[in-house]
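Commentary on secondary and tertiary structure
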Amino acid sequence: MKKIVTVLLASMLIFACSSKKDGNMIVQGNIKGLKKGTLYLQKMNDTLLVSVDSVNVFGDGNFKLTDNVESPVMYYLAFDSKTTDKKILFFGDKGTITINDNIDIFGFNPEITGSKNQEVLNNFIKVNNKFKNQRLEFIKKEFEATKAQDQDLMTKVKTDFDRMIRRKYLYTTNFALNNKDLEVAPYIALTQLYDANIKLLDTINNSLSIDVKKSAYGKRLDKYISEIKAKE
């Protein structure tokens, strides 16, 4: 009887492992300097962040995680220990995605390859970071102008800031339009243009390829636009 139970448990374990290996996305790589810890592969399920796979790492920092991707969406590679909780955000997709990083600066500047959506998103982030830096400069200028009670300077700062925001919106819209065949397009629209003119969102939504419209972010963008129009 004990032998039968042992065989059944072993069979269940093999089935569980083999079914996990059947995932159409493999996330692998190395976290330099990680001697001991657990890495989690996570994604959003509605509004809840859930772990879909995990692996204990010992010694060399190498890891391999899997999941079944129905539609390319954002994933998190999270490192959890008794003292820290850090995450790497990346665009999950079918195939093999390689993530290399250093535990000392985990999540700050990881090397991610194997995802076309991630590659395009990286290009967008480089330019978008420049807009973020400009925004910080305007905040500083506004503070100084307010402190000096210089009304003319305050007006100029506001005018220049509004122009910068318009440039950012137009750049973001054109970037999404140029990548309308990738799921990154509706993702960028949702995360960067949620407070923009509805016409910009409509322009992006109407340009998306049929496959992207059917994707998770394509559906969310269409729903978001419909909700905004319903309130008008």
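Pairing in this open sheet of four strands is mixed, and the strands run β4-β1-β7-β8 from one edge to the other. The open sheet is flanked by β4 (62-67) and β8 (111-113), the only strands paired with a single partner. On average, each strand axis in the sheet is tilted by 15° relative to the strand beside it, whichever way the strands run. In terms of strand pairing, strand β7 (residues 95-102) meets β8 through three bridges, oriented antiparallel.

Following the criterion strictly, the structure yields six salt bridges and no others. In this structure, the salt-bridge partner of aspartate 160 is arginine 163, at a minimum N-O distance of 3.8 Å. Within this pair, aspartate 160 and its partner arginine 163 are both found in helix α3 (residues 151-178), separated by three residues, close to a single helical turn. What makes aspartate 160 partly exposed here is its relative accessible area of 24%. On the basis of relative accessibility, which here comes to 45%, the residue arginine 163 falls in the partly exposed class.

Attention shifts here to the pairing of strand β5 (residues 74-80). Counted residue by residue, β5 has five buried out of seven residues, so it is predominantly covered. With six bridges connecting them, strand β2 (residues 36-45) and β5 associate as antiparallel partners. Across the sheet, tyrosine 40 pairs through a bridge with alanine 78, a residue of β5.

Relative orientation of the contacting elements α3 and helix α5 (residues 198-207) amounts to 10°, with a least axis distance of 9 Å. Taken together, the axes of α3 and α5 are roughly parallel relative to one another. On α5, the residues that touch Tyr169, Thr173, Ala176 and Leu177 of α3 are Leu200, Thr203, Ile204 and Ser207. A per-class count over the contact of α3 with α5 returns five nonpolar, three polar and no charged.

What counts, and at which threshold
- Residues numbered from 1 in each chain as written.
- Predicted model: local features only at pLDDT ≥ 70, side-chain atom pairs only at ≥ 80, totals over all residues.
- Heavy atoms only, no water.
- Pairing = 2+ DSSP bridges.
- Helix = DSSP H or I, 4+ residues; strand = E, 2+ residues; numbered from the N terminus.
- Axes fitted to C-alpha atoms, helices over the stretch in contact; angles between N-to-C directions.
- Salt bridge = Lys/Arg side-chain N within 4 Å of Asp/Glu carboxyl O.
- Buried < 20%, exposed > 50% of the residue type's maximum accessible area, 1.4 Å probe, protein only.
- Parallel < 35°, antiparallel > 145°, perpendicular 65-115°, else oblique.
- Contact = heavy atoms within 4.5 Å.
- Nonpolar A, V, L, I, M, F, W, Y, C, P; charged D, E, K, R; others polar.

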